[in-house]
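# Structure assessment
Residues per chain, in single letters:
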Amino acid sequence: MKLQNLPRAVLKLRFAYSAIGTLAILGFYAAVIILCGEQLRLALGVSLGVAAAGLLLLIWILAKMGYDRYRYGYDEKRIVVEKGVIFRRKIVIPICQIQDLHRVQGPIMLLLKLGGVEISTAGSNFTLAYLATSDADKMIDRLAVNLDSGEVTENEEVL
Amino acid sequence: MKRFCKNNVLCHLITDLAYVAIIAISFIDMLFIEDEAGELVGIETALVPLFIGACVLIYLAFILYQVFYLRLSGYQINENEVFCQRGVIFRRKSRLEYSKINAINKRQNIIQRIFGVAVLTLDSGATKTAGGAEIIIVEDTRTVDRLMSYFRSVKDGAAPVSSLNAEVCEKPQKLCTNYYEFTSKSKLLFSLINAVTALFFLVLSGAVLLLAFFAFSALRLVNADGILEYLITGAVAAVILLVGTSAVSFIGSIIYSFVSYYGFSVTKDNDSINISYGLFVRHENSFKLSKIKAVKVSQGLIKRLFGFASINLEVIGYTVDSSSENKGEEIGVLIPFCKMCEVNEILSELLPEFKIGERGESAKSFFPFISWFSLIFTLVFCAVSGVVFPLLFALSVGAAAIKATALAFALAYAAVFAIVSLNAVLKYKNSSLSVSGAKITVYGGGFIKRISVFDSKNLVAVERVSTPMRERAGISSFVLHIRANSETNEIHLDIRSSEIEGELVSLLRV
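These remarks concern the structure in this document.

Assigned secondary structure in chain A consists of 4 helices and 7 strands. Taken from N to C terminus, the helices and strands of chain A fall in the order β-α-α-β-β-β-β-α-β-β-α. Against the compact-globule benchmark of 15 Å for 159 residues, chain A has a radius of gyration of 21 Å, which places it well outside the compact range. Principal axes of the C-alpha set define a box for chain A whose edges measure 70 × 30 × 25 Å. Counting contacts in chain A only where the partners sit at least 6 residues apart, residues at least 24 apart contribute 51% of the total. Summed over all atoms, the accessible surface of chain A reaches about 8,500 Å², with 62% contributed by carbon and sulfur.

Turning our eyes to something else, we now look at the sheet that holds strand 19 (residues 459-466) of chain B. Judged by pairing direction, the sheet is antiparallel, and its 7 strands sit side by side in the order 1(A)-2(A)-3(A)-4(A)-19(B)-20(B)-21(B) without closing on themselves. Every interior strand has two partners, whereas the edge strands, strand 1 (4-5) of chain A together with strand 21 (490-497) of chain B, have only one. Sheet topology places strand 20 (residues 475-482) of chain B next to strand 21 of chain B; 6 bridges connect them, and they run antiparallel. Bridging from a neighbouring strand, H481 of chain B pairs with E490 of chain B of strand 21 of chain B. With respect to the sheet, helix 12 (residues 500-507) of chain B is in contact with strand 3 (78-83) and strand 4 (88-94) of chain A together with strand 19, strand 20 and strand 21 of chain B, its orientation differing from that of strand 19 of chain B by roughly 165°.

This part is about the pattern of salt bridges. Per the stated rule, a full pass over the model turns up 14 salt bridges over all chains. The structure contains a network of salt bridges with shared partners spanning R88 and K90 of chain A together with R464, E471 and E501 of chain B.

Okay, a negative patch on the surface next. Judged by side-chain charge, D29, E34, D35, E36 and E39 of chain B come together as a negatively charged surface patch. By the secondary structure assignment, E39 of chain B is in the loop between strand 2 (32-34) and strand 3 (40-43).

Rules of the game
- Residues numbered from 1 in each chain as written.
- Chains lettered and ligands numbered in written order.
- Predicted model: local features only at pLDDT ≥ 70, side-chain atom pairs only at ≥ 80, totals over all residues.
- Heavy atoms only, no water.
- Helix = DSSP H or I, 4+ residues; strand = E, 2+ residues; numbered from the N terminus.
- Rg over C-alpha atoms; globule rule 2.2 N^0.38 Å.
- Contact = heavy atoms within 4.5 Å.
- Areas by Shrake-Rupley, 256 points an atom, 1.4 Å probe, with all protein chains shown as cover.
- Pairing = 2+ DSSP bridges.
- Axes fitted to C-alpha atoms, helices over the stretch in contact; angles between N-to-C directions.
- Salt bridge = Lys/Arg side-chain N within 4 Å of Asp/Glu carboxyl O.
- Patch = residues over 30% accessible without salt bridge, like charges linked within 9 Å, V, L, I, M, F, W, Y side chains within 5 Å.
- Lys, Arg positive; Asp, Glu negative; His and termini not counted.
- Charge placed at Lys NZ, Arg CZ, Asp CG, Glu CD.

Structure representation (structure tokens):
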């Protein structure tokens, strides 16, 4: 099965999330520096500043690398997802184990015309985040056909 | 639609009274007048009627809620399904087809037993509704027994609706063989092991507390003699606390095992299994053997030292308390306490298809079990130290206090590292996989050793987890996702050869 990368818009989305994270970290840092006393300002400013700078660097690098490493593919039998930068995960989900499929979209995802696909099985739920809306719809349609035509296993318990 | 049993309101008259009493006790100090020294000098007489009035109002509100609950809730038994409606503010209507009934549980606490009320829950096992059972019926005990018997038969498509009115035989499961007896001797042993386990973890946490106490004392007192005095006092206090807590834990555990597992019985009835236990809260659970997704054998550290184990079942809907919102937190018990060497013997009688497979190859390498924790913990430790020590210098707390804090930090680091290393060694030793036909046995866990046995037809997904270094070394960890409660459906298989991925994926039904 040939695995494909996510659309470029996903990188924008990841950077948007990183920017929100950056604002939160900088806000927290500024609040601590303003609220702490004169005596502690230098010590806290340096130590927390180094930690905050490291964290920011990590957020932006992981956003890019996470995008590069995310690949997915599916055929009439299974879905395969590969993701993760430090901990690399490869998930294999048989189509016949899928119970239902959902498309999920947040406000930024709507703006960027992206959508996630939530896959529910009888045990775990998996999310394919994120695809172009049209790809997500196409995937759901294709998988739905296979779900309908898939043979019912003896253990099918209509969970 | 048939309403729930009226006696349930009477049960709530008592339990709600207890809740109101707790609320009243929490706020009763508002009535007392204290002087500046904190001595009691009188009672706010003007507030007493208000206080009593508020308590009565709260009690009435509780009762009113129960009355509304009774009026608005009920159930209906149709030809192919059961319908249930319940709730006052948030109302819920549920329908469950008989063919989709996964687990049937009966629950009855001591007050409900006095008033002859029982709660029957029917669960479909759907993960989407894993927060609670779909159908809850509150009825008198005889009706619940009759309904239980009825649902047991109709879920197989056997009994017609008319059979609902048939009388239920008195305690039908008594006629079947009880496969396990939890004797008083076993309960005492079970309690002792629980108490020793509690003591072990108390000693560990006591040591950490002592370190914290040492650091705290060091910060408060700059002179070294004072620190030593504080340390000795702290050590004595910790020992007294440990002994006291262990005694309480032992007594508590005895009471728990005798009360919770009172009259424990496991019986088989054609293709169903029935498990009953409990004194104050009586549980009667029934489900088809085919609904069992996995068997999990667990051994805590102390249990393992003495060669004991417990066996639990992974059946969606059968948990410790299926009627409440904490469903799925703890999986259902099959055998609460037995010798490890007897596990396969018990399983071969009860569930032969879930007999534990022979241990396969061990984990490929020890280093990955400890490497990530060491790295992250050291980084966090350095980051915390990087903030704390500059602060101590900035606050000019003195060299002695800084030295003592540094020592406490170092000891805490060593203690945590030692505990995690021990857990990693145990994980390394425990990890194993055995595949025999369609049966998969996964050995794992650290302080608590877990053996999971399940059929490959219940495997819903395979997840490989690796890192760049592990990829180069050709090793990976795996997460096997099984059909089960959403909190317990992942079985971890640590540090194996990456080559077994193909074997695991081939076990998936596609």
